[in-house]
Amino acid sequence: MANRFRGGVHPDDSKHTSKQAISGLQPAERLILSLSQHIGAPSRPEVSVGDRVLKYQPIASPGGFVSMALHAPTSGTVKAIEPAPHPSGRLVTAIIIEPDGLDEALDRTDKADPGLARSPENWKETIRDSGIVGMGGAAFPTHVKLSPPEDKPIDMIVANGVECEPYLTADHRLMLESPDEILGGLFLAMKIVGAKKAVVAIEANKPDAAEVMRKADLPEGVTVEVLPVMYPQGAEKQLIQALTGREVPTGGLPMDVGVVVQNVGTLATMNQAIKEGRPMVERVMTLGGPLPNGPGNYMVSIGTSLSHVVEQTGGLKGPAARLINGGPMMGQALAGLESPVTKGTSGLLAFGPGELRTLRQRACIRCGSCISVCPASLLPHTLGSMVEFRLFNQLREFNITDCIECGSCAFVCPADRNMVQFIRQGKAELLALAGK
Amino acid sequence: MSTVLAPSPHVRSSVTIETAMYGVIIALLPGALVGACFFGLNALKVMTISIIACLLFEAMVLKIRGMDMSPLKDGSAVLTGLLLAMNLPSNIPWWMVVMGAVVAIGIGKQVYGGLGYNPFNPALVARVFLLISFPVAMTSWPVPKPLSFSLDTITGATPLGAMKTSLMMEGNVGAAANMSLVDPLIGNMGGSLGEIGALALALGGIYLLVRKIITWHIPVSFLATVFGMTGIYWLINPELYAPPTFHLVTGGLMLGAFFMATDYVTSPVTGKGMVIFGVGCGVLTVFIRLFGGYPEGVSFAILLMNAATPIIDRYTRPRVFGYPTRKEARA
Ligand code: SF4
Ligand code: SF4
């Protein structure tokens, strides 16, 4: 079955932390719970300054269909609801909680369904009420993905354990340490959308994880597929193409070809939410790159500042020249460590001066490398040059909106062109033109 | 602590313009060495003058344009200089080499805005300019003298030139019909520095393929077309047409197929486009060689196809992910 997706690149996988078991951290003295931790409308606060909150207590409700609830990661006091640092670099309203150290939890036994006696519809509500979003990076609300319209039957769920971004090992560790949680969530997802088949997709650089998953108690209809190591295989459309040969139509979603993709971390979180009534208040993240003294995989409360993660693990070896929220291919550069861990934080990478190649952007020499690696079969060099020379009106004809911003084109470009930046700028210009 | 807020991706492959350009230069060295072995000091002189003149003139233009000198180091001017030299006879006067360099860098490259913007291969523009301006100097070839380093030279014809003459005088291809391939393979024949030594040039070409600096598309389609077409004509009438193997190892075919036609800037960007480009180069080369006024057609063929590159690029755009295939669209 295993096909191959088109294009792709081979960055050095640098999975240095794959042997580091997931460990906990001392709790932070202040948690920053941003109201925008997902794609969609910001959540609405349900608590006031001065309120005492309990662990798992809902503190914000969804601000729309594509929006999420938020829960207190521990017991404490609401200190403020104010603009606070956000990984995007902007200030975004957040609920600031000062933990009291008691970790007193709200009784949620009424929410739990350990015997799985309730209906799939009810599970879906639990997923929404538990604030679960995709944990692979895009942070799309999970219940929305599990709600395909009637006319889009789903025949396959993909458990995405590909983890194709270099350095990141959080999903790898989760597969090794909690295979049953992941498979439990996968079973629930299959029931919710009525899919008979499911595939656990893992890249070949994690043979131990594939082994563990294969030996686990696989629900009926579930297989484990080991895929060749190739970036951006973890991107939904590319993963579906590699596994099934199906091409998600332009502007469409995986459900248009009968597939729903869920990250393995998301599945494990779903399982806990439904069987134990635990909402999403923590996640696994990788601390990596050459600079941290304590690189590894950590279970972190949502809202913990990145600086706390770094300090608790022994700090950095020296001044950071580049901090990345996420993986090196699609992650975002951070100005500092003030921003919090959000539901979509898969990793924090720190590099010292001179550890990343210095780039000098030059004119395109038309080598064609970017075209041969583009998984969307675009002409990245043309898009880049059009934006550079401000020829925005032709961008649509060259399908700029089909770009998934994977960065493969920029990765291979011998002229060091900042293609992804050009493309983002081009997309923004198109939006502006359409708005006029 | 201040960090770089660069856009993603934060890691890049180690391949740069420099690695590509110097890779091609390295690949050219065996061919250049053959030239130096058979034409001695003159060959070295032409190569040195050409490279230095290209660098100097590039520096001058950059200075005039008020730019920094960093493009001097990217290897492209050195490569243009070396390629130009490979396209010249070793006994050409030094000032013609300098003129060629001026045309290559000035008219071939910088008037368009420098590396990446030029529509034609700069070294070929210069070669054709010299060929048209100084036809005698450009077509009197020194007879090779293996490993002799004397500066005086006797001139003679290239195998392709001899064939053309024989065709016109005798009405048949003459010696070309059953010439041994050993001499052209190792380089023991008249011609420009990079026209002889097919074996050494092909070796460099293979190096480029192995290092993935070029892909197979252009050289293979170019060589296969020349071989196939000349083969058909030869089968039809071996009196009038030389064997395909002769065409493969003589003239600037190896140099053209591996080093000139593959120039990134002036050739198409997709595999499909490159194949069309290579076939086009092959067809034009054969037509010029067999029916044109010049004995050799590689340079003209490549330049003509350079002009066709934008059109080829336009009609070979890949089907974008998630769009119907042409067949699906019709259904
Ligand atoms: S153009 Fe977009 S989709 Fe294609 S390689 Fe570049 S970033 Fe990826
Ligand atoms: S990889 Fe860079 S230099 Fe090559 S064609 Fe694409 S944009 Fe141009």
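Structure shown above.
Below you will find a few notes about this structure.

The rules behind these values
Residues numbered from 1 in each chain as written. Chains lettered and ligands numbered in written order. Predicted model: local features only at pLDDT ≥ 70, side-chain atom pairs only at ≥ 80, totals over all residues. Heavy atoms only, no water. Helix = DSSP H or I, 4+ residues; strand = E, 2+ residues; numbered from the N terminus. Rg over C-alpha atoms; globule rule 2.2 N^0.38 Å. Contact = heavy atoms within 4.5 Å. Areas by Shrake-Rupley, 256 points an atom, 1.4 Å probe, with all protein chains shown as cover. Lys, Arg positive; Asp, Glu negative; His and termini not counted. Charge placed at Lys NZ, Arg CZ, Asp CG, Glu CD. Buried < 20%, exposed > 50% of the residue type's maximum accessible area, 1.4 Å probe, protein only. Pairing = 2+ DSSP bridges. Phe/Tyr/Trp six-rings, centres within 6.5 Å; stacked < 30°, edge-to-face > 60°.

**A few points about the overall build of chain A**
Turning to step 1, where the next piece is worked out: Each helix and strand counted, chain A has 12 helices and 17 strands in total.
Turning to step 2, where the next piece is worked out: Whereas a compact globule of 436 residues would reach a radius of gyration of roughly 22 Å, chain A reaches 21 Å, a difference of no more than 12%.
Turning to step 3, where the next piece is worked out: Sequence-distant contacts, at least 24 apart, represent 73% of the contacts inside chain A between residues at least 6 apart.
Turning to step 4, where the next piece is worked out: Within the structure as shown, chain A displays about 16700 Å² of accessible surface, and the carbon and sulfur contribution to it stands at 52%.
Turning to step 5, where the next piece is worked out: Across chain A, the 42 positively charged side chains and the 45 negatively charged ones have centroids separated by 6 Å.

**Here we look at the overall build of chain B**
Turning to step 1, where the next piece is worked out: Helix and strand counts for chain B come out as 14 helices and 2 strands.
Turning to step 2, where the next piece is worked out: On C-alpha atoms alone, chain B measures out to a radius of gyration of 21 Å, which is about the 20 Å that the 2.2 N^0.38 rule sets for 331 residues.
Turning to step 3, where the next piece is worked out: With the C-alpha coordinates aligned to their principal axes, the bounding extent of chain B is approximately 75 × 60 × 30 Å.
Turning to step 4, where the next piece is worked out: Scored against the burial criterion, the 331 residues of chain B give a buried share of 56%.
Turning to step 5, where the next piece is worked out: For chain B, the proportion of contacts with a sequence separation of at least 24, taken over those separated by at least 6, is 75%.
Turning to step 6, where the next piece is worked out: For chain B, the exposed area adds up to about 13900 Å²; of that, 72% sits on carbon and sulfur atoms.
Turning to step 7, where the next piece is worked out: A distance of 11 Å separates the average location of the 19 positive side-chain charges in chain B from that of its 13 negative side-chain charges.

**Structural notes on the pairing of strand β15 (residues 322-325) of chain A**
Residues and elements named next belong to chain A.
Turning to step 1, where the next piece is worked out: What you see with β15 is no split at all: R322 and I324 on one side and L323 and N325 on the other are buried throughout.
Turning to step 2, where the next piece is worked out: Relative to strand β17 (residues 347-351), β15 runs antiparallel, the two sharing 4 bridges. Paired with R322 across the two strands is F351, which belongs to β17.
Turning to step 3, where the next piece is worked out: By the bridge criterion, 3 bridges tie β15 to strand β16 (residues 332-334) in an arrangement that is antiparallel. Paired with N325 across the strands is Q332, a residue of β16.

**Focus on the packing of aromatic side chains**
Any pair of aromatic rings gets described here by the distance separating the centres and the angle formed by the planes.
Residues and elements named next belong to chain B.
Turning to step 1, where the next piece is worked out: Scanning the entire structure with this criterion turns up 7 aromatic pairs over all chains.
Turning to step 2, where the next piece is worked out: Taking the centre distance of 5.6 Å and the plane angle of 70 degrees together, the rings of Y233 and F291 count as edge-to-face. Taken as a pair, Y233 in helix α9 (residues 217-236) and F291 in helix α12 (residues 271-291) lie far apart in primary sequence, 58 residues in all.
Turning to step 3, where the next piece is worked out: Look at Y233 and you get partly exposed, because its relative accessible area is 22%.
Turning to step 4, where the next piece is worked out: Owing to a relative accessible area of 44%, F291 belongs among the partly exposed residues under this scheme.

**Some thoughts on the pairing of strand β13 (residues 282-288) of chain A**
Residue and element names in this part refer to chain A.
Turning to step 1, where the next piece is worked out: In terms of burial, β13 is a largely internal element, 6 of the 7 residues being buried.
Turning to step 2, where the next piece is worked out: Here β13 pairs with strand β14 (residues 296-301) via 6 bridges, running antiparallel. Residue pairing across strands places E282 opposite S301, the latter belonging to β14.

**Observations concerning the sheet that holds strand β7 (residues 76-85) of chain A**
All names here are of chain A.
Turning to step 1, where the next piece is worked out: Reading across the sheet, the 4 strands line up as β2-β8-β7-β4 and stay open at both edges, with antiparallel pairing between neighbours. A strand with exactly one partner marks an edge of an open sheet, and here the two such strands are β2 (31-34) and β4 (52-53).
Turning to step 2, where the next piece is worked out: Pairing of β4 with β7, which is carried by 2 bridges, proceeds in the antiparallel orientation. Looking at the pairing, V53 lines up with G76 of β7.

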